Amino acid sequence: MDRQFGTMPGGEPVSAFTLSSDTGLQLTVLDLGATVQSIRVPTGAGTSEEVVLGFDDAAGYTSPDNPYLGASVGRYANRIAEASFELDGQTYAVSANEGPTSLHGGVEGFHARVWAVVDSGSDRLTLQLVSVDGDQGFPGTLTATATYAVDGDAVTIDYEATCDAPTVVSLTNHAYFALGGSDGGGADAHVLTVHADEYLPVTPASTPEGRTEPVSGTPFDLTTPTALGPRVRSAHPQVARVVGIDHTFVLRGTGVRPAARLEHPGTGRALEVETDQPTIQVYTGNRLDGSLAGHEGRLLRQGDGICLETQRHPDAPNQPSFPSAVLRPGQTYRSHTRWTFSA
Ligand code: BGC
C-alpha cells in the first residue's frame, strides 16, 4: 500500500509504502532515503506499538538536522577520517559534513535522495539509487538497491550495489529502536547483548583509532545481557568522549549469524539482529537533544532510541588493518540484516 507522504523542498513527491506481514507486523518505508519511517508490532487485541523513532512529515526527513532517523546511509556509512582516502594510487576528497570528517556519505548522502521504486508488493519493496561518478566526491557510478521484506515477526533488509569503476561502499540502516513504544523509555529501559569480543576505540573526531580493543573489563562488554543505563554513564574515557556508546563492535564469526539482541524488560519485547556484516555500530542516541519533534510531535531527547547499524568497518578506506571495503566492476556488494521482534 503506498501513499504520498509529502514533498521534497523542490516539490518532488515523497511516497510511503506500508508492508504487512501475516502476523500483523507493519513496516513503513519512504522512497526518500529508503527510510524506515515506522515499524508497528502487534500487541494483541488488534492493537500495535511503534518501535522506531521517526518523523510524521517529510520536512523532518529533508531537514539538514535529521539525525538519519531510519535512513539508509551511504555511499559510505559511518566516518571517513579527514574526508579523504586513497584508492589505486589516487586520492579522493569526499564531502565533509562533520568538521573535517565525512559522516554517512557526506552532505547529500543516500539518506537525502529519493530512491526509485523497482519492485513493490504487499510484503516487499525494492528501491534503487544511482549515485553517479563523483557524487559527494566518491569515484565510479554506483547502482545500489535496498530490498525490504516482512515475514511473520521479522523485517529483512538486503542492500546490493555494483559499480563501473573501483569505489568504496558500506550501506546500513540507521533505525533508532525504542521497543517500549512512545512512553517506554529510551536506552535506560533496555538491555543489550552484542556478540562481539572487540570494539574499535575512537579518536576525539569519533573516527577509529585503527586498533581493536578487547571488550573484556570495559563498559563495552555486552557479551551477556546488559542494562544500558549504567554503561552509558560510565566514566570510561571512550564513553565520556561520545557521551554514551557510539562505537563499532567487531562481530564474532562470519556469514549470517546473531549480532545483537535488544530487550525491553518493561514490556517483555525483544529484537534479535542477525547479519552477514563484519561489524555493528551501537549508538545510544547521544546527540538527540530535544530540538526535534518525532512521531506524534514528541521531542526526541538524549538516549530516546538505540541504533544497531550493521556495516563494514568505519574508515576502512584509510585503515590498512581493517578488511577492505573496495568494490570493483564485476563484483556485487551485498549486505543482509534481519530484525526479528518478539513479545
Ligand atoms: C554515528 C553518530 C552520529 C549519528 C548521527 C551514528 O551512526 O555513530 O556518531 O552522531 O549517527 O545521527
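Computed from a predicted structure; not experimentally measured. (Residues numbered from 1 in each chain as written. Predicted model: local features only at pLDDT ≥ 70, side-chain atom pairs only at ≥ 80, totals over all residues. Heavy atoms only, no water.)

**So, the overall build of the chain**
- Of the regular secondary structure elements, the chain holds 3 helices and 28 strands.
- Taking 20 Å as the expected radius of gyration for a compact globule of 343 residues, we find that the chain reaches 19 Å, a close match to that expectation.
- Over its C-alpha atoms, taken along the principal directions, the chain stretches across nearly 60 × 50 × 40 Å.
- When each of the 343 residues of the chain is scored for burial, the buried share is 57%.
- Contacts spanning at least 24 positions in sequence make up 65% of the contacts within the chain whose residues lie at least 6 apart.
- Once the 21 positive and 40 negative side-chain charges of the chain are each reduced to a mean point, those two points are 4 Å apart. (Helix = DSSP H or I, 4+ residues; strand = E, 2+ residues; numbered from the N terminus. Rg over C-alpha atoms; globule rule 2.2 N^0.38 Å. Buried < 20%, exposed > 50% of the residue type's maximum accessible area, 1.4 Å probe, protein only. Contact = heavy atoms within 4.5 Å. Lys, Arg positive; Asp, Glu negative; His and termini not counted. Charge placed at Lys NZ, Arg CZ, Asp CG, Glu CD.)

**A word on the environment of Tyr-199**
- Inspection of the secondary structure assignment puts Tyr-199 in strand β19 (residues 196-200).
- According to the relative accessible area criterion, Tyr-199 is buried, its value standing at 0%.
- Beyond its immediate chain neighbours, meaning those up to four positions away, Tyr-199 contacts Arg-211, Thr-212, Glu-213, Pro-214, Val-215, Thr-218, Phe-220, His-236, Gln-238, His-247, Thr-248 and Phe-249.

**Focus on the environment of Val-155**
- Positionally, Val-155 belongs in strand β14 (residues 154-163).
- The spacing of Val-155 and Arg-124 is 31 residues in sequence and 9.6 Å in space, taken between C-alpha atoms.
- Apart from the residues lying within four places of it in its own chain, the contact partners of Val-155 are Leu-25, Leu-27, Ala-149, Val-150, Thr-337, Arg-338, Trp-339 and Phe-341.

**Focus: the sheet that holds strand β26 (residues 306-311)**
- The sheet built from 6 strands is open, its strands ordered β17-β26-β25-β22-β19-β20 with antiparallel pairing. Edge positions in the sheet fall to β17 (176-177) and β20 (213-214), since each has one partner strand and no second.
- In the sheet, strand β25 (residues 279-283) pairs with β26 via 5 bridges, with the strands oriented antiparallel. By the bridge assignment, Ile-280 is partnered in β26 with Thr-310. (Pairing = 2+ DSSP bridges.)

**So, the site of the ligand**
- Taken together, Pro-67, Tyr-68, Arg-79, His-104, His-174, Tyr-176, Asp-246, Gln-281, Tyr-283, Arg-287 and Glu-309 are the residues near the ligand.
- One of the side-chain N or O atoms of Arg-287 is found 3.4 Å from an oxygen atom in the ligand.
- Between Glu-309 and the ligand, the recorded distance is 2.8 Å, taken from a side-chain N or O atom to an oxygen atom.
- For the ligand, whose unbound accessible area comes to 310 Å², protein coverage reaches 96%. (Near = heavy atom within 4 Å. Polar contact = N/O pair within 3.5 Å; in protein donor to acceptor, adjacent residues only side chain to side chain. Areas by Shrake-Rupley, 256 points an atom, 1.4 Å probe, with all protein chains shown as cover.)

**Observations concerning the packing of aromatic side chains**
- According to the stated counting rule, one finds 10 aromatic pairs in the structure shown.
- Ring centres of Phe-110 and Trp-115 lie 6.1 Å apart, and the angle between their planes is 80°; this geometry places the pair in the edge-to-face category.
- Grouped by ring-pair contacts, the aromatic residues Phe-5, Phe-55 and Tyr-61 constitute a single cluster. (Phe/Tyr/Trp six-rings, centres within 6.5 Å; stacked < 30°, edge-to-face > 60°.)

**Points about the nonpolar core**
- Membership of the largest hydrophobic core comes to 58 residues, with the highest contact counts inside it found for Phe-177, Phe-249, Trp-339 and Phe-341.
- Sequence-distant contacts of Phe-249, that is, excluding residues within four places in its chain, are made with Val-194, Ala-196, Glu-198, Tyr-199, Val-215, Phe-220, Leu-222, Pro-278, Thr-279, Ile-280 and Val-282.
- Counting 18 residues, the second-largest nonpolar core is a separate cluster that includes Met-8, Ala-16, Tyr-61 and Cys-307. (Core = buried A, V, L, I, M, F, W, Y, C linked by side-chain atoms within 4.5 Å.)

**Considering the side chain of Thr-28**
- Looking at the secondary structure, you find Thr-28 in strand β3 (residues 26-30).
- Of the residues examined, Thr-28 reaches a relative accessible area of 7% and is grouped as buried.

**Focus on the pairing of β3**
- Taking burial as the measure, the 5 residues of β3 include 4 buried ones, the bulk of the element.
- Across 5 bridges, the pairing between strand β2 (residues 13-20) and β3 is antiparallel. Among the inter-strand pairings, Phe-17 is bridged to a residue of β3, identified as Val-29.
- Between β2 and β3, which pair antiparallel and follow one another directly, the connecting turn spans 5 residues, one of which, Gly-24, has a positive phi of 100°.
- Hairpin connection between β3 and strand β4 (residues 35-44): a loop of 4 residues separates the two successive antiparallel strands, and Gly-33 in this loop has a positive phi of roughly 70°.

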